[in-house]
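The lines below spell out each chain.
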Amino acid sequence: MTEDEQFMLLAMREAEKAREVGEVPCGCVVVRDGRVIARGWNQVETLKDATAHAEMLALTAAEAAVGDWRLEGCTVYVTKEPCPMCAGALVHCRPDRVVFGIPDPKGGACGGWINLLDSNPPLNHKCAVQGGVLGDACLEQFQSFFRAARAAAKERKRREREEASHDSAD
């Protein structure tokens, strides 16, 4: 197993924390000098904060860990390609690399839909991007979450219909 795969597994553990509380299972770790300095998992619903993406929380924790907003020498591992908001934050934080599991062709901003990390004209920082690390495993983590969410929604609707038909029969 490669070092990138080992750190992606840690990001997947963070994503599992999100899934356990009903959040979209996206996880992130920030690594410097071969060790994890910060972790994050989606907490949008938990915190009622649209900016509480795994990457944003991990970047804030990493900045606190290094005592600077510049994350030079760091690699960010995230289970899903960062969105434009998170990619913009990555540009400003200046990590050396971003490694993600699954691409997001509809909303990804690291090459899936657009590429803010290597834009033309260039922004103030470029970093290396690698996608597809443990992509199948990350995809299964996402897909199983949404399959379960759809099944739960279908069951809720079925119960509501039953209750409505029972109430109307009374």
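Residues numbered from 1 in each chain as written. Predicted model: local features only at pLDDT ≥ 70, side-chain atom pairs only at ≥ 80, totals over all residues. Heavy atoms only, no water.

S.K.: Is there a simple way to think about the overall build of the chain in this case?
M.R.: A count of helical and extended segments in the chain gives five helices and five strands. For the chain, the spread of C-alpha atoms along the three principal axes comes to 70 × 35 × 30 Å. Counting over 170 residues, the chain shows a buried share of 39%. Taking the intrachain contacts of the chain between residues at least 6 apart in sequence as the baseline, contacts between residues at least 24 apart amount to 59%. (Helix = DSSP H or I, 4+ residues; strand = E, 2+ residues; numbered from the N terminus. Buried < 20%, exposed > 50% of the residue type's maximum accessible area, 1.4 Å probe, protein only. Contact = heavy atoms within 4.5 Å.)

S.K.: Please explain unusual backbone geometry as it appears in this structure.
M.R.: The phi angle of most residues is negative, glycine excepted, and most peptide bonds adopt the trans form. The backbone of Arg94 shows a phi angle near 65°, a positive value even though the residue is not glycine. Tracing the chain through its elements places Arg94 in the loop between α4 (84-93) and β4 (97-102). Phi at Leu134 takes a positive value of approximately 55°, unusual for a residue other than glycine.

S.K.: What is the right way to look at the layout of surface pockets in this model?
M.R.: Taking a probe equal in size to a water molecule and rolling it over the atoms shows the remaining empty space. If you add up the space inside the largest pocket, you get close to 240 Å³. For the lining of the largest pocket, the elements supplying multiple residues, two or more each, are α2 (44-47) and α5 (135-169). For the lining of the largest pocket, the class distribution of residues is eight nonpolar, three polar and five charged. (1 Å grid on protein atoms, 1.4 Å probe; cavity = no way out; pocket = protein on both sides within 12 Å on 5 of 7 lines; lining within 4 Å. Points joined across faces, edges and corners; volume = space filled by probe spheres on them. Nonpolar A, V, L, I, M, F, W, Y, C, P; charged D, E, K, R; others polar.)

Function cannot be inferred from these measures alone, as they are strictly geometric.
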